[in-house]
Amino acid sequence: MITLKEALTKSEDELKEIKKDIREKLKQNMELNAYIGEIMESQTSGVPILIKDNINVKGWEITCGSKILKGYVSPYNASVINKLHQNKMCGFGRANMDEFAMGSTSESSCYGRTKNPLDISRVPGGSSGGSAAAVAAGIAIASLGSDTGGSVRQPAGFCGCVGLKPSYGRVSRYGLVAYSSSLDQIGPITQNVEDAALLLDAISGYDSLDSTSANLPALNTFRDLDSNKRYKIAVLKDFLNDATQEVQDVYYQTIKILESMGHSIVEKSMLDTRYHISAYYIICTAEASSNLARFDGVRYGTRAEAENLKEVYLNTRSAYFGDEVKRRILLGSFVLSSGYYDAYYLKAQQVRKKICADYEAILNECDSILLPIAPTLPPKFGSSHSPLEMYLSDIYTIGVNLAGLPAICIPTMKNAEGLSVGMQFIGGKFNEQSILNIAYGLEKELQD
């Protein structure tokens, strides 16, 4: 597939041929189930970018992979869509996803599961599984996903492409259907680091429509990419206790490569991952229970048969929310309830402050932190025996969202089965340039 960098140099006639080619390739890759429904365009001109199904595009049906929003047609564009239009790009098709971005496998979508193009018996990761699978399979030039606890980076790592989670506030959230408002960020999934920088630059910048948007100008990271700069990189070897031997081996090989390139490696330690996972799932489910209260059969999408208002709420939410969404709403409602708020939600926020302080202390001394993207390789469908197993797959990614930091995942090596092992570089707040430079240099080194 042509890269985003190359596509931006093409004429409109050439781009029409590229779009036609994508449609043809999609017919040959229907089994992946990465796209939802018929391909629509947010405008007729521009380089085609696949859009996750929780980002509003005017005139498109936006469902967040849920039955409850079937039939909802967006009356407006998300700010990132308008920014794509201003930078010679357009939305082109909807990407499959875990329902309301709740999941790490892309199995909970009402449209059926998305498959990993490297091995269709395995999960592509989630919740932006469709976005990553399409890029990895060569049926999308690049895509936009959303990252609440690793949902851009983890599927990118599982599918063998680049996924970038920007700093919280760097990219407007206006028009993104909120899962957890203090954690969500829209980010690019691309074929390489250059394309990630290009797409980040296009969608970044202050937006008056988003109260959480940082008052900062749009980035120019692509222009400033420098693979020759050398940095001090922290490694957290204590965190590796949760990883499989295969992931640990790749982690240590990556450290050796970075050292051979001239980067300084410093060993650091942080609060145990079990505190990260506990704080994250209390905070995100609490916010989700509040955000999803609006989907009640009255204002949006599908409405169940009922004889009174109470039954409208009960019947609609019971019939059209999936099991994972119900589970998280119940957990979120519980931790916010009277008598448990102080014991759970307040404690989780205190732990979050401690996690932020840990990251800040390390990143005041170092330029970046290197971590795996997940403790295992992409699991086979049906191999998780409980929701807890799925939640634990996020242990290396969720801390970044709790602290609002930027992080980029790049594919480092493949195992004997051809499965990708992704590693991530975490940077200081609003310091996307450093992690892009490190990733760009490593990408070049691995290709040589």
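Keep in mind the model is a prediction, meaning the values are calculated, not measured.

Draft legend 1. Geometry of the overall build of the protein. Helices and strands together make up the secondary structure of the protein, namely 14 helices and 11 strands. Compactness check: the protein gives a C-alpha radius of gyration of 21 Å against a globular reference of 22 Å for 448 residues, within 12% of the reference. With the principal axes as the frame, the protein shows a C-alpha extent of 70 × 60 × 45 Å. Classification of the 448 residues of the protein by burial places 60% in the buried group. Considering only residue pairs separated by 6 or more positions, the protein has 74% of its internal contacts joining residues 24 or more positions apart.

Draft legend 2. Structural detail: the pairing of strand β6 (residues 185-190). β6 sits mainly inside the fold: 6 of its 6 residues count as buried. Burial along β6 is two-sided: Gln185, Gly187 and Ile189 facing one way and Ile186, Pro188 and Thr190 facing the other are all buried. In the sheet, strand β4 (residues 143-147) pairs with β6 via 5 bridges, with the strands oriented antiparallel. Residue pairing across strands places Asp147 opposite Gln185, the latter belonging to β6.

Draft legend 3. Up close: the pattern of salt bridges. On inspection of all chains with the given rule, the structure shows 20 salt bridges. Here Asp296 makes a salt bridge to Arg299, at a shortest N to O gap of 2.9 Å. For Arg299, a relative accessible area of 55% translates into the label exposed. One salt-bridge network, held together by shared partners, links Lys19, Arg23 and Glu41.

Draft legend 4. Looking closely at helix α10 (residues 323-336). Its 14 residues place the ends of α10 20 Å apart at the C-alpha level, agreeing with the 20 Å of an ideal helix rising 1.5 Å per residue. Along α10, the residues classified as buried are Glu324, Val325, Arg328, Ile329, Gly332 and Val335. One side of α10 holds all its buried residues, which, seen down the axis, span an arc of 135°. Counted as exposed and oriented over 90 degrees from the buried face of α10: Asp323 and Leu330.

Draft legend 5. Examining the state of the cysteines more closely. Evaluation of the coordinates by the stated rule reveals 0 disulfides. Summary of cysteine pairing: Cys159 is not part of a disulfide, and the nearest cysteine sulfur, belonging to Cys161, is at 5.7 Å. A disulfide-free cysteine, Cys284 has its sulfur positioned 15 Å from the sulfur of Cys356, the nearest such atom. Cys284 gets classed as buried once you look at its relative accessible area, which sits at 0%.

Conventions and cut-offs
Residues numbered from 1 in each chain as written. Predicted model: local features only at pLDDT ≥ 70, side-chain atom pairs only at ≥ 80, totals over all residues. Heavy atoms only, no water. Helix = DSSP H or I, 4+ residues; strand = E, 2+ residues; numbered from the N terminus. Rg over C-alpha atoms; globule rule 2.2 N^0.38 Å. Buried < 20%, exposed > 50% of the residue type's maximum accessible area, 1.4 Å probe, protein only. Contact = heavy atoms within 4.5 Å. Pairing = 2+ DSSP bridges. Salt bridge = Lys/Arg side-chain N within 4 Å of Asp/Glu carboxyl O. Expected span 1.5 Å × (residues − 1). Arc of directions from axis to C-beta. Disulfide = S-S within 2.5 Å.

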